[in-house]
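Close look at the chain arrangement
Listed below, chain by chain, are the residues.
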Protein chains: 2
Amino acid sequence: MVQLTGEIKESLQAAKLAFLATASKSGIPNVVPIAAFKVRDEETLLISDQYFNKTLANLKENKEIALSWWGEKGGFQIKGTVTLHTNDEIFRENIAWMKESFPKFTPKSAVLVKITGGYIVKPDPEPGKKIL
Amino acid sequence: MVQLTGEIKESLQAAKLAFLATASKSGIPNVVPIAAFKVRDEETLLISDQYFNKTLANLKENKEIALSWWGEKGGFQIKGTVTLHTNDEIFRENIAWMKESFPKFTPKSAVLVKITGGYIVKPDPEPGKKIL
């Protein structure tokens, strides 16, 4: 069980934008900026999909993701595996969250991320260090 | 032959930070923020590696990358294939560039990116649209 620390959680919650990387089955990476993400609990993130194109195609064939961001106090990378939700409790939770936080967004699917690892991305003290 | 347009080139040149995605041979994505990147010419980017850890390990087994950024006027995604350089003309070019632009950085390797595609990442008019 991998759990977010307070430091990573605060850093992600303060970030306005994060970059979501996926990969096709054949290993071609794709990375896009996203705004509609949140810490759902210590072990999961929720990402609302409004515009995913290649990202969604990749997730349908490869469930592994990486998410990175850079805020005022540096940044992190989280890795995880996803499940896609379009017509269930998680999707309804996603719709309610968008209605409150991003009322202009119309979600197509909810991407639930089970966190599998966390990494430092700033140079000091040790770039790429695994911390979760 | 894929060539950068003026709009993408200007957008990348104005960006202070971009996010570099790679993937392991088994398709696990990795994404990190980078500052030492530049448009080398219409068909290639140069990325200076000071701190790459998992990124470098991935590039040694899978040459495909994606790079995305978000600036004041929106953002793009570039895809490409890389060659790694540690003891040749490209690496010496990289060292000279760091000396001038990022004097505190000591490059370990130069990552030359041959551009294979370019994409819009903002929602309008068509998210994920291939433009190169």
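Residues numbered from 1 in each chain as written. Chains lettered and ligands numbered in written order. Predicted model: local features only at pLDDT ≥ 70, side-chain atom pairs only at ≥ 80, totals over all residues. Heavy atoms only, no water.

1. Quick notes on the overall build of chain A
Here is the rule we go by: What counts as a helix is a DSSP run of H or I of at least four residues, what counts as a strand is a run of E of at least two, and both are numbered from the N terminus. Buried residues are those whose accessible area, probed at 1.4 Å on protein chains only, stays under 20% of the maximum for their type, while exposed residues exceed 50% and partly exposed ones sit between those limits. In what follows, residue pairs with any heavy atoms lying within 4.5 Å of each other are defined as contacts. Surface exposure here means Shrake-Rupley accessible area, sampled with a 1.4 Å probe, where a residue is shielded only by the protein chains that are shown. His is not counted here, nor are the chain ends, while Lys and Arg score as positive and Asp and Glu score as negative. Where a charge lies is defined by one atom per residue type: Lys uses NZ, Arg uses CZ, Asp uses CG and Glu uses CD.
Within chain A one finds 3 helices and 7 strands. Along the chain direction, N to C, the helices and strands of chain A fall in the order α-β-β-β-β-α-β-β-α-β. In terms of its C-alpha atoms, chain A occupies a principal-axis envelope of roughly 45 × 35 × 25 Å. Of all 132 residues assigned to chain A, the portion counted as buried reaches 53%. In chain A, the proportion of contacts linking residues at least 24 apart, taken out of those at least 6 apart, comes to 65%. Of the roughly 6400 Å² of accessible surface on chain A, 52% is carried by carbon and sulfur atoms. In chain A, 18 side chains carry a positive charge and 15 a negative one; their mean positions are 5 Å apart.

2. As for helix α2 (residues 54-61) of chain B
Residue and element names in this part refer to chain B. For clarity, the threshold we go by: Our arc is simply the arc of the directions from the helix axis toward the C-beta atoms.
Among all positions in α2, only Thr-55, Leu-56, Asn-58 and Leu-59 are buried. Projection of α2 onto a plane perpendicular to its axis shows the buried side chains occupying an angular sector of 160°, all on one side. Summarising the contacts, the buried residues of α2 are in contact with β1 (18-23), β2 (29-34), β4 (44-49), β5 (64-71), β6 (74-85) and β7 (109-120).

3. Describing the relation of the copies chain A and chain B
Selection rule: When the copies are superposed, the least-squares fit takes in the C-alpha atoms of residues with a pLDDT of at least 70 in both.
The two copies are related by a screw motion: chain A maps onto chain B through a turn of 180° and a shift of 0.0 Å along the axis, at an RMSD of 0.0 Å. Both chain copies can therefore be described as sitting about a two-fold axis. Within chain A, the C-alpha atom positioned nearest to the axis of rotation is that of Gly-27 of chain A, 2.3 Å from it. Taken as a fraction of all interface residues of chain A, those also at the interface in chain B reach 100%, which identifies the copy contact as same-surface.

4. Focus on the interface of chain A and chain B
Accessible area lost upon the coming together of the parts serves often as the stated size of an interface. Quick note on the threshold: The term buried area means the drop in 1.4 Å probe accessible area that two parts suffer when joined, counted for both and summed. For this analysis, a polar contact is any N or O atom pair within 3.5 Å, provided that within protein one partner can donate a hydrogen and the other can accept it, and provided that sequence-adjacent residues contribute only side-chain to side-chain pairs. Gly counts as polar in this scheme, as do all residues outside two lists: the nonpolar Ala, Val, Leu, Ile, Met, Phe, Trp, Tyr, Cys and Pro, and the charged Asp, Glu, Lys and Arg.
Each partner contributes residues to the interface: chain A has 29 residues there, and chain B has 29 residues. Around 2300 Å² of area is buried between chain A and chain B when both sides are counted, 69% of it from carbon and sulfur atoms. The tally of links from chain A across to chain B stands at 10 residue pairs in polar contact (both at pLDDT 80 or more). Considering every element that reaches the side of chain A that touches chain B, the biggest residue donor is strand β5 (residues 64-71) of chain A, with 7 residues. Its residues placed into classes, the side of chain A that touches chain B shows 18 nonpolar, 8 polar and 3 charged.

5. Points about helix α1 (residues 6-14) of chain B
Residues and elements named next belong to chain B. Considered for burial, the residues of α1 that qualify are Ile-8, Ser-11 and Leu-12. All buried residues of α1 fall inside an arc of 95° around its axis, so they share one side. Facing away from the buried side of α1 by over 90 degrees, the exposed positions are Glu-10, Gln-13 and Ala-14. Those residues of α1 that are buried are in contact with β3 (37-41), β4, β5 and β6.

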